[in-house]
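Commentary on secondary and tertiary structure
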Amino acid sequence: MSDLDRRLPGVSEATVRWIHAALTLERLAFVDRALAGTLLRLGAPRDSTSADVLALGTVLASSAPREGHTLFDLGSEQEPFPPLPLPPSLPPRREWEALLSSLPSVVGRPEAPAPLVVEGGGLYLYRYWRAEVRVARLLADRLAGEREESVGEGTSRERLLEEIFPEAGGASRTAALAALGSRLLVLTGGPGTGKTWTAARLLLLFRRLVPGIRVVSAAPTGKAAARMGEALAEVLPPELAVPSMTLHRLLGASLRGIAPRRGEFLPWDLVLLDELSMVDLLLMESLLSALSPRTRLVLVGDQDQLSPVGAGAVMGDLCRALSAQEKGVPRGLVVLSRNYRQRESGLLQEFSRKVAEGDGEGALRLFERGDPDLVFAPVAEGWPENLLVEGFSPLATSSSDGEALERLGGFMALSPFRDGPMGALRGSRHLERVFSRLRGSRGFRAPAMILQNSYDTGLMNGDLGILSGERLVFAAPGRPEPAILPLRMAPPWETAFVMTVHKSQGSEFDRVCLLLGGELHPLLTRRLLYTAATRAKKGLVVWASPESFLSMVRLSPARSSGLESRLSRHLSSSRPQS
């Protein structure tokens with residue numbers, strides 16, 4: 001018996017070979033195979049077919065979260081890893097559920113959980129099944145209490161609404177009314193539609209209307225938290241200030257992760273969470289579990305942006321479930337649609353909308369207008385050096401650090417990848433060499449990005465500044481002079497002539513050059529294109545081939561998740577009876 005056979009007892013040679021090939025291709029990890037071996041020994045399948053299905057079901061359910069899914073879809077006949085078809089001797093996937101259910105010691109159901117759980121045509125790891133169940137229930141419970149939760153009825157409330165949200169009938173005032181009347185509000189809209197403006201004024205409304213209310217703002221990243229903190233400082237007077245922090249800091253995370261709170265809730269009456277699209281299922285479970293059922297929760301984000309790095313698509317699932325409710329059920333959802341950021345270029349707004357709608361041909365035709373605000377640059381061998389040098393020259397040749405900081409938001413190059421031949425790391429190194437050659441002994445300034453939160457310096461992961469000689473220079477909000485750090489005292493950083501699209505979330509630049517290249521890749525998706533395009537305020541250059549661009553718009557893979565259907569069932573069951 002081979003070593004692989006011993007690790008997967010009772011499994012056929014064809015399935016052992018398939019798992020080995022998936023490991024070689026790095027689509028599976030050794031921990032997936034180890035879990036399969038453990039469950040095979042515990043479950044003791046009666047025959048090789050059951051053993052094959054248990055082994056494959058386990059490795060696919062175990063690897064699913066790394067692909068962004070919370071479950072392995074048993075109802076789909078699509079190949080999980082297309083270059084590697086499943087062994088033809090296996091039964092159809094629609095028959096797997098019955099085979100797996102015959103192994104109750106390792107495969108459970110909602111009423112009797114086990115390491116694997118089968119429900120609704122999905123095969124889960126128990127951890128993700130439990131998280132989905134808890135998140136759906138806790139969100140629905142907040143909506144179910146809507147009628148009891150209205151705050152501050154009376155003329156003083158009406159006066160404050162008119163003062164803080166002067167546009168009668170506008171979406172922002174609608175959001176304020178919804179937040180006053182419910183323990184849960186989801187506020188969504190594209191970039192530039194006023195989400196941050198509305199959110200900051202929502203907190204001002206509550207702080208003025210409810211004396212002593214304990215309010216906090218949080219976001220998944222330090223950069224997003226700092227940006228929201230700046231927005232709040234512009235709106236709230238010092239005596240009504242609201243702290244802003246990362247979500248992990250709010251939850252008391254340490255190097256060991258987020259510890260369970262064991263019945264002790266966080267002491268906040270209202271929590272505002274920004275950039276919801278970046279929050280994965282397990283992080284959302286941690287947040288909801290840490291909040292009292294009486295705590296109001298305002299969730300803010302853009303449902304069309306990139307899904308989180310971790311498993312799940314909480315924002316998309318939540319928005320779809322709320323949108324699908326029948327009339328009369330508490331909605332808890334406000335969509336902002338009027339764009340303020342891209343008013344100077346309606347063409348960019350139209351382009352972003354066509355991308356979000358999946359109209360690749362229509363988006364491609366917009367380039368044919370010849371407008372300098374929207375340019376298609378056909379891909380060629382090597383980097384588009386002329387485009388990038390022209391874009392970064394004002395910053396690189398700045399005469400002072402202050403001037404360079406002012407120009408930092410003028411231009412940015414974005415790549416879908418961090419590593420690889422067209423990745424952000426290699427692109428930044430290439431431009432360092434280019435400007436070294438062009439500038440010689442005169443030197444140059446370069447954009448620099450912080451890679452790790454540093455509470456000692458106040459710099460957060462993703463913050464952008466300037467590399468100027470042997471120091472880093474960053475704008476200091478609220479201070480006339482920039483913050484200067486010698487390189488020896490700086491937290492981890494790197495030059496950032498090219499950023500990844502993921503890192504650019506929450507940022508905006510006057511002009512953006514998107515480096516797609518001409519190759520097709522499964523990571524080149526519609527959401528990534530939309531996220532990159534909406535970083536631009538005034539101008540966008542897309543460096544690609546027509547084929548790679550159209551493929552990207554067409555590719556909109558859905559994450560396998562049961563959260564939307566769970567939420568819909570909860571909301572339907574809590575519907576008031578007439």
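Residues numbered from 1 in each chain as written. Predicted model: local features only at pLDDT ≥ 70, side-chain atom pairs only at ≥ 80, totals over all residues. Heavy atoms only, no water.

The name given to the protein chain in an unreviewed UniProt entry is Exodeoxyribonuclease V, alpha subunit, with the source organism recorded as Leptospirillum ferrodiazotrophum.

**What to know about the packing of aromatic side chains**
Considering all chains together, one arrives at 14 aromatic pairs under this definition. With a centroid separation of 5.4 Å and an interplanar angle of 65 degrees, the aromatic rings of Phe351 and Phe367 are classed as edge-to-face. Of the two residues, Phe351 is situated in helix H14 (residues 346–357) and Phe367 in the loop between helix H15 (360–366) and strand E11 (374–378); the sequence distance between them amounts to 16 residues. Take Phe367: its relative accessible area is 10%, and that puts it in the buried class. Between Phe392 and Phe497, the aromatic rings sit 5.0 Å apart at their centres with planes inclined by 80 degrees, giving edge-to-face as the arrangement. Residue Phe392 is found in helix H16 (residues 385–396), and its partner Phe497 is found in the loop between strand E17 (493–495) and strand E18 (498–500); the two are separated by 105 residues along the sequence. (Phe/Tyr/Trp six-rings, centres within 6.5 Å; stacked < 30°, edge-to-face > 60°. Helix = DSSP H or I, 4+ residues; strand = E, 2+ residues; numbered from the N terminus. Buried < 20%, exposed > 50% of the residue type's maximum accessible area, 1.4 Å probe, protein only.)

**Things to note about the domain arrangement of the protein chain**
With domains assigned, the protein chain is organised as domain 1 (13–120), domain 2 (133–148 + 156–254 + 263–340 + 560–574) and domain 3 (359–554). Between the C-alpha centres of domain 1 and domain 3 the distance comes to 41 Å. (Domains from an automatic or database assignment.)

**Description of the nonpolar core**
Within soluble globular proteins, side chains that are nonpolar generally end up buried alongside one another. If you look at the biggest cluster of nonpolar residues, it comprises 76 residues, and the most contacted ones within it are Trp18, Trp96 and Met284. Residues from two domains meet in this core; each of domain 1 (13–120) and domain 2 (133–148 + 156–254 + 263–340 + 560–574) gives at least three. Filtering out sequence-adjacent residues up to four positions away, Trp96 remains in contact with Val53, Leu56, Gly57, Leu60, Phe72, Leu74, Leu86, Leu90 and Pro91. In terms of nonpolar packing, the next biggest core, distinct from the first, is built from 69 residues, Ala363, Phe435, Ala446 and Leu550 among them. (Core = buried A, V, L, I, M, F, W, Y, C linked by side-chain atoms within 4.5 Å. Contact = heavy atoms within 4.5 Å.)

**Some words on empty space enclosed by the protein**
Taken as a whole, this structure holds one cavity of 30 Å³ or more when the rule is applied. In this structure, the largest cavity spans a volume of roughly 70 Å³. Lining the largest cavity we find 13 residues, and of these Ser277, Ser307, Ala313, Met315 and Gly316 sit closest to its centre. The biggest single contributor to the lining of the largest cavity is helix H13 (residues 314–323), with three residues. (1 Å grid on protein atoms, 1.4 Å probe; cavity = no way out; pocket = protein on both sides within 12 Å on 5 of 7 lines; lining within 4 Å. Points joined across faces, edges and corners; volume = space filled by probe spheres on them.)

**A closer look at the packing of helix H2 (residues 13–24) against helix H4 (residues 48–63)**
H4 packs onto H2 with a crossing angle of 15 degrees between their chain directions and a minimal axis gap of 10 Å. Here H2 is positioned roughly parallel relative to H4, judged by the angle of their axes. When the axes of H2 and H4 are compared, the crossing they make is left-handed. Side by side, H2 and H4 meet where Thr15, Trp18 and Ile19 of the first sit next to Asp52, Ala55, Leu56, Val59 and Leu60 of the second. Tallied by class, residues from the contact of H2 with H4 come to six nonpolar, one polar and one charged. (Axes fitted to C-alpha atoms, helices over the stretch in contact; angles between N-to-C directions. Parallel < 35°, antiparallel > 145°, perpendicular 65-115°, else oblique. Left-handed = near helix turned anticlockwise from the far one by under 90°. Nonpolar A, V, L, I, M, F, W, Y, C, P; charged D, E, K, R; others polar.)

**Examining the sheet that holds strand E5 (residues 184–189)**
Pairing is parallel across the open sheet formed by six strands, whose spatial order is E7-E6-E8-E9-E5-E10. Looking at strand neighbours, the two that pair on one side only are strand E7 (244–246) and strand E10 (333–336), the edges of this open sheet. The average angle at which neighbouring strand axes cross in this sheet is 20 degrees, direction not considered. Across four bridges, strand E6 (residues 215–219) lies against strand E8 (residues 270–273) in parallel orientation. Of the residues in E8, the one forming a bridge with Ala218 is Leu273. Along the sheet, helix H10 (residues 222–235) contacts E6, E7 and E8; its crossing angle with E7, the most-contacted strand, is approximately 175 degrees. (Pairing = 2+ DSSP bridges.)

**Observations regarding H13**
When you tally the buried positions in H13, you get eight out of ten residues, the bulk of the element. Within H13 the residues assigned to the buried category are Val314, Met315, Gly316, Asp317, Leu318, Cys319, Ala321 and Leu322. On its buried face, H13 is in contact with helix H6 (126–144), E5, helix H12 (281–290), strand E9 (296–301), E10 and helix H22 (563–573).

**A word on the pairing of strand E3 (residues 116–119)**
Across the two faces of E3 the burial is the same, with Leu116 and Val118 and Val117 and Glu119 all buried. Pairing of strand E2 (residues 107–108) with E3, which is carried by two bridges, proceeds in the parallel orientation. When the bridges of E3 are listed, Gly108 appears paired with Val117. As paired elements, E3 and strand E4 (residues 122–125) share four bridges and run antiparallel to each other. Each bridged residue has a counterpart across the sheet, and for Val117 the counterpart in E4 is Tyr124. Two successive antiparallel strands, E3 and E4, enclose a turn made up of two residues, where Gly120 displays a positive phi of approximately 60 degrees.

**Some points on the side chain of Ser504**
Within the secondary structure, Ser504 sits in helix H19 (residues 501–504). At 2.7 Å, the side chain of Ser504 and the backbone oxygen of Val501 are in polar contact. Apart from the residues lying within four places of it in its own chain, the contact partners of Ser504 are Lys223, Leu414, Met499 and Arg535. (Polar contact = N/O pair within 3.5 Å; in protein donor to acceptor, adjacent residues only side chain to side chain.)

**Description of unusual backbone geometry**
Residue Glu26 is not a glycine yet carries a positive backbone phi of 65 degrees. Here Glu26 shows up in the loop between H2 and helix H3 (30–43). Assessed through its relative accessible area of 69%, Glu26 is described here as exposed. You will see that Glu275, though not glycine, has its phi angle at about 55 degrees, which is positive. Overall, Glu275 belongs to the buried group, its relative accessible area being 8%.

**As for the layout of surface pockets**
Taken as a whole, the second largest pocket spans an internal volume of roughly 1,600 Å³. Lining of the second largest pocket is provided by 46 residues; of these, Glu67, His69, Pro557, Ala558 and Arg559 occupy positions nearest its centre. Those elements giving two or more residues to the lining of the second largest pocket turn out to be H4, strand E1 (72–73), H13, helix H20 (526–533) and H22. Split into classes, the residues belonging to the lining of the second largest pocket amount to 19 nonpolar, 14 polar and 13 charged.

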